[in-house]
Amino acid sequence: MPKKLEFFYDCSSPWTYLAFTKIEEVAGSNGADLIWRPFLVGGVFNTVNPSVYEARKTPVPLKAKYYVKDLQDWARFYGIKIGNPTVFPVNSVKAMRGALVAHEHGKISPYSRRVFESYWGDNRDISQDNVLREIVREVGLDDKEYFEKIASQPYKDKLRANTEELMARGGFGSPTMYVNGASMFFGNDRLALVEWELSR
């Protein structure tokens, strides 16, 4: 049977941006089918991982200082820009429903890249229609179709289903990856383990 790598992701996470830049390479170099699984990480936090909100309210100063350094070290290592967005956390629901539309047209990778770059690199609010419209046009999607679909019930339901499925399978954040449907890995820094699992 072919190897399978599922990538559950939300563009509102900087650590997910890091993993996104490598996930296609990891799948390709290990002969795995990459399955894109957009979801809404806020729904996961609200349901199974509220500790994220508590940590934001009362951060540990030393840990918070290291967090900034760690993120920038990874960004430099990967050769990407991750800034400090003015709007954080951002409502990513439209952008992530939009990933489902992009997927239908074979453009989920370039679309997601532009969403990540716009938010984390260019400090643009990806919850805003004008920002999404520019991204959609840049990657060659029809903006009328895009906005009609992301406002429709089937796309709302699909994003919710992905979110609920992740939690049912033990996930609690973004990015979460599954190898061959069973073995779960969480976080950009687990990509080495993902590769190891795929190579077995």
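**Overview of the packing of aromatic side chains**
And step 1. Tallying each qualifying case throughout the model produces 18 aromatic pairs.
And step 2. Residues F7 and Y9 carry aromatic rings whose centres are separated by 5.3 Å and whose planes lie at 15 degrees to one another, so their mutual orientation is stacked.
And step 3. Positioned above the aromatic ring of Y78 is the side chain of K22, whose terminal nitrogen or guanidinium carbon lies 4.9 Å from the ring centre.
And step 4. A cation over an aromatic ring shows up here: R169 above the ring of Y178, its NZ or CZ 4.0 Å from the ring centre.

**Things to note about the pairing of strand 2 (residues 32-38)**
One face of the sheet, then the other: side chains in a regular strand alternate in exactly this way.
And step 1. Two elements, strand 1 (residues 3-9) and strand 2, share seven bridges in a ladder whose sense is parallel. Bridging from a neighbouring strand, E6 pairs with I35 of strand 2.
And step 2. With helix 1 (residues 14-29) bridging strand 1 and the parallel strand 2, this β-α-β connection has right-handed handedness.

**Examining the nonpolar core**
And step 1. Counting residues in each nonpolar core, the largest one holds 51 residues, and the members touching the most others are L5, F7, Y9, I82, Y111, Y146 and V194.
And step 2. When residues of this core are assigned to their parent elements, the largest contribution, eight residues, is made by helix 1.
And step 3. Residue contacts for Y9: discarding those within four places in its chain leaves T16, W36, R37, P38, F39, M96, A99, I108, S112, F116 and S174.

**A look at helix 2 (residues 41-48)**
And step 1. Within helix 2, burial applies to V41, V44 and F45. The arc that holds the buried residues of helix 2, viewed along the axis, is 100 degrees, so those residues lie on one side. Opposite the buried face of helix 2, at more than 90 degrees from it, the exposed residues are N46 and T47.

**Focus on the pairing of strand 4 (residues 183-186)**
And step 1. Two strands pair when backbone bridges link them, and strand 3 (residues 176-179) and strand 4 are joined in this way by four bridges, in the antiparallel orientation. Counted as the bridge partner of V179 is S183 from strand 4.
And step 2. In this antiparallel pair of consecutive strands, strand 3 and strand 4, the connection spans three residues, and N180 shows a positive phi of 55 degrees.

**So, the packing of helix 2 against helix 9 (residues 153-168)**
And step 1. For the pair helix 2 and helix 9, the least separation of the axes is 9 Å and the interaxial angle reads 45 degrees. One element, helix 2, and the other, helix 9, form an angle in the oblique class. Crossing hand, helix 2 versus helix 9: right-handed. Between helix 2 and helix 9, the contacting residues are G43, V44, T47 and V48 on the first element and T163, L166 and M167 on the second.
And step 2. When its residues are assigned to classes, the contact of helix 2 with helix 9 shows four nonpolar, three polar and no charged.

**Describing the side chain of S109**
And step 1. With respect to the helices and strands, the residue S109 is situated in helix 6 (residues 108-121).
And step 2. Look at S109 and you get buried, because its relative accessible area is 14%.
And step 3. Among the polar contacts made by the side chain of S109, one reaches the side chain of E24 at a distance of 2.8 Å.
And step 4. The residues contacting S109, other than those within four sequence positions of it, are F20, E24 and W36.

**What to know about the pattern of salt bridges**
And step 1. Under the defined criterion, the tally for this structure stands at 19 salt bridges.
And step 2. A salt bridge links E6 to R37; its shortest N-O distance comes to 2.9 Å. Of this pair, E6 sits in strand 1 while R37 is found in strand 2, placing the two residues 31 residues apart along the sequence.
And step 3. We classify E6 as buried; its relative accessible area is 4%.
And step 4. Residues joined by salt bridges that share partners form a network here, namely E6, R37, E165 and R169.

**Points about the packing of helix 5 (residues 93-104) against helix 8 (residues 143-150)**
And step 1. Following both chains from N to C, one finds helix 5 and helix 8 inclined at 125 degrees, their axes separated by 9 Å at the closest point. If you check the angle between helix 5 and helix 8, you find them oblique. Where helix 5 crosses over helix 8, the handedness of that crossing is right-handed. Between helix 5 and helix 8, the contacting residues are K94, A95, R97, G98, V101 and E104 on the first element and E145, Y146, K149 and I150 on the second.
And step 2. Classifying every residue of the contact of helix 5 with helix 8 gives four nonpolar, one polar and five charged.

Rules of the game
Residues numbered from 1 in each chain as written. Predicted model: local features only at pLDDT ≥ 70, side-chain atom pairs only at ≥ 80, totals over all residues. Heavy atoms only, no water. Phe/Tyr/Trp six-rings, centres within 6.5 Å; stacked < 30°, edge-to-face > 60°. Lys NZ or Arg CZ within 6 Å of the ring centre and 35° of its normal. Pairing = 2+ DSSP bridges. Helix = DSSP H or I, 4+ residues; strand = E, 2+ residues; numbered from the N terminus. Right-handed = clockwise from strand over helix to strand, strands pointing away. Core = buried A, V, L, I, M, F, W, Y, C linked by side-chain atoms within 4.5 Å. Buried < 20%, exposed > 50% of the residue type's maximum accessible area, 1.4 Å probe, protein only. Contact = heavy atoms within 4.5 Å. Arc of directions from axis to C-beta. Axes fitted to C-alpha atoms, helices over the stretch in contact; angles between N-to-C directions. Parallel < 35°, antiparallel > 145°, perpendicular 65-115°, else oblique. Left-handed = near helix turned anticlockwise from the far one by under 90°. Nonpolar A, V, L, I, M, F, W, Y, C, P; charged D, E, K, R; others polar. Polar contact = N/O pair within 3.5 Å; in protein donor to acceptor, adjacent residues only side chain to side chain. Salt bridge = Lys/Arg side-chain N within 4 Å of Asp/Glu carboxyl O.

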